[in-house]
Amino acid sequence: MATTYSRFPIVLTEGRGCMLSDAEGRTYTDFVAGIAVCNLGHAHEGIARAVADQARRLVHVSNLYYTEPQSELAEWLVEHSFADRVFFCNSGAEANEAAIKLARKYFKDRGAPERFRIITMEGSFHGRTMATLSATGQEKIRKGFEPLLDGFDIVAFNDLEAVQVAVTGQTCAVMLEPIQGEGGVLCPSQGYLEGLRKLCDKEGLLLIFDEVQTGMGRTGSLFAYEHFDMTPDIMCLAKALANGLPMGAMLAKEEVAKAFTPGSHASTFGGTPLVAAAALTAAKVLLDEGVIENCQKVGKYFKDRLQSLKLKYAFVREVRGEGLLIGLDLTCDGKTVVAACMEKGFLINCTQDHILRFIPPLIIKEEQIDSLIACLDAVFEGLSNSSKE
Ligand SMILES: *Cc1c(COP(=O)(O)O)cnc(C)c1O
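These lines cover the structure that appears in this document, whether it is placed above or below. (Residues numbered from 1 in each chain as written. Predicted model: local features only at pLDDT ≥ 70, side-chain atom pairs only at ≥ 80, totals over all residues. Heavy atoms only, no water.)

## Details of the sheet that holds strand S5 (residues 117–121)
The strand order across the open sheet built from 7 strands is S4-S10-S9-S8-S7-S5-S6, with neighbouring strands paired in mixed fashion. Of all the strands in the sheet, just strand S4 (85–89) and strand S6 (152–155) have a single pairing partner and so form its edges. Pairwise comparison of adjacent strand axes, ignoring direction, gives a mean angle of 20° for this sheet. Where S5 meets strand S7 (residues 171–176), 3 bridges bridge the pair, whose relative direction is parallel. Each bridged residue has a counterpart across the sheet, and for Ile-118 the counterpart in S7 is Ala-173. Sitting on the sheet, helix H3 (residues 68–79) touches S4, strand S9 (234–237) and strand S10 (248–252), and the angle it makes with S4 is about 130°. Running over the sheet, helix H8 (residues 192–203) touches S5, S7 and strand S8 (206–210) and is turned about 165° from S7. (Pairing = 2+ DSSP bridges. Helix = DSSP H or I, 4+ residues; strand = E, 2+ residues; numbered from the N terminus. Axes fitted to C-alpha atoms, helices over the stretch in contact; angles between N-to-C directions. Contact = heavy atoms within 4.5 Å.)

So this is what it looks like as structure tokens:
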């Protein structure tokens, strides 16, 4: 395999709900969920059945034709969001690529071809393709791949004034994650997103939300924008969309979406009946089985419990996040904490070297949170003892 990942030395073989087991028979409680992907947990019976049934019926025919699961999923997404149209693809980066292309095409069609630049944020993460890494405001993602794609102006996150200053006659859109995930679970400050909406309206810019990580219930609402008094013009989804099968989607309002005409953009695998059937089932389970309510309730409980660790340990700087996208900002290295938790049977994630990120399946229970907190408490206790020595 390519040497693109520094993997943990375990081989995962099976999962059920929030539990995983490895080839040596050890079990883990999963607070990573395949990086905010398996929102309904592993081996979900309803999704397994939907995938198996669809696999026996029709897996792939290309987008030269209509298929029922893809049409039904598009209808569901449109019914449950601000958007009027959906373009299906296979990943978050690809959804963001579609958004970038759509924003450019929208202004070309309106006779303003000079407007192609997009304002994005420091600390953002939009993917690893050339366009999306060029949009990403993190040096470590971009380094080594220059020259970057032209057309991105990166400004500080949570700074409305910085966006206003960066707007020129060449700007076509502002693109951001409503909560920065990979960047370290950074939440928008009060009024920021509403302010961006107003600014975009005033300047005639499109507002693009990368909800690849925050979408599909993760923050305690179906989409993160619902927490705010505004809607974007374009929204990108992927990660949890099909609960682990690869799928991305770019959603837009009709006025904007119509800039894509037959032949403008395409994807061979985008929205296959197989993956769409999984996504459609996942979407229904999310709403019908109280999963989002659980995310809100358990997410709040989780944050409260983490706050108690903050009070106890000086190296815990901050607890932040929404729903079950939670970050614990440490003043010390987080990687050793991740390794120690794995030893004790808990999978957690660390981003930006010192921010523990908790993104469990949205069906996680309070008892499982309690167990993780006990584990973290023991690990932190060890850390503070060793620093005293
Ligand atoms: C994960 C992620 C992406 C990239 O998704 P891929 O499927 O890995 O291409 C883009 N944006 C955000 C906000 C993400 O969290």
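## What about the packing of aromatic side chains?
One pass over the structure, following the stated rule, counts 11 aromatic pairs. A ring pair is formed by Phe-31 and Phe-346, whose centres lie 6.5 Å apart and whose planes are at 45°; its orientation type is tilted. Linking Phe-31 in the loop between strand S3 (27–30) and helix H1 (33–36) with Phe-346 in strand S13 (residues 346–347), this pair joins segments that are 315 residues apart in sequence. Note on Phe-87 and Phe-260: the rings are 6.4 Å apart at their centroids and 70° apart in plane angle, and the pair reads as edge-to-face. Of this pair, Phe-87 sits in strand S4 while Phe-260 sits in the loop between helix H9 (254–257) and helix H10 (273–288), placing them 173 residues apart in sequence. (Phe/Tyr/Trp six-rings, centres within 6.5 Å; stacked < 30°, edge-to-face > 60°.)

## With respect to the pairing of S3
Sheet analysis places strand S2 (residues 19–22) next to S3, joined by 3 bridges and oriented antiparallel. Within S3, the residue paired with Met-19 across the bridge is Thr-29. Hairpin connection between S2 and S3: a loop of 4 residues separates the two successive antiparallel strands, and Gly-25 in this loop has a positive phi of roughly 85°. Taken together, the 2 bridges between S3 and S13 define a ladder with parallel strand orientation. Bridge pairing in S13 places Thr-29 opposite Phe-346.

## A look at the environment of Cys-38
Checked against the element boundaries, Cys-38 lands in the loop between H1 and helix H2 (45–57). Among the residues examined, Cys-38 registers a relative accessible area of 11% and is labelled buried. Sequence-wise, Cys-38 and Cys-18 are 20 residues apart; in three dimensions their C-alpha atoms are separated by 9.1 Å. Not counting residues up to four positions away in its chain, the partners in contact with Cys-38 are Ala-33, Asn-243, Gly-244 and Pro-361. (Buried < 20%, exposed > 50% of the residue type's maximum accessible area, 1.4 Å probe, protein only.)

## So, H10
Across its 16 residues, H10 extends 22 Å between first and last C-alpha, which sits within 8% of the 22 Å expected from 1.5 Å per residue. The buried count for H10 comes to 12 of 16 residues, which makes it a mostly enclosed element. Within H10 the residues assigned to the buried category are Pro-273, Leu-274, Val-275, Ala-276, Ala-277, Ala-278, Ala-279, Leu-280, Ala-282, Ala-283, Val-285 and Leu-286. Residues of H10 that are buried in the fold lie against H2, H3 and helix H11 (291–312). (Expected span 1.5 Å × (residues − 1).)

## Some details on the site of the ligand
Around the ligand sit Ser-91, Gly-92, Ala-93, Asn-96, Phe-125, His-126, Glu-177, Asp-210, Val-212, Gln-213 and Lys-239, and that is every residue in its neighbourhood. With respect to the ligand, the backbone of Ala-93 contributes an N or O atom lying 2.8 Å from an oxygen atom. Side-chain polar atom of Lys-239 to an oxygen atom of the ligand: 2.6 Å apart, as the coordinates give it. Contact with the protein chains covers 80% of the free accessible surface of the ligand, which is 380 Å². Take the shell around the ligand: its biggest share by element is 3 residues, from helix H4 (residues 92–109). Looking at the shell around the ligand residue by residue, the classes come out as 3 nonpolar, 5 polar and 3 charged. (Near = heavy atom within 4 Å. Polar contact = N/O pair within 3.5 Å; in protein donor to acceptor, adjacent residues only side chain to side chain. Areas by Shrake-Rupley, 256 points an atom, 1.4 Å probe, with all protein chains shown as cover. Nonpolar A, V, L, I, M, F, W, Y, C, P; charged D, E, K, R; others polar.)

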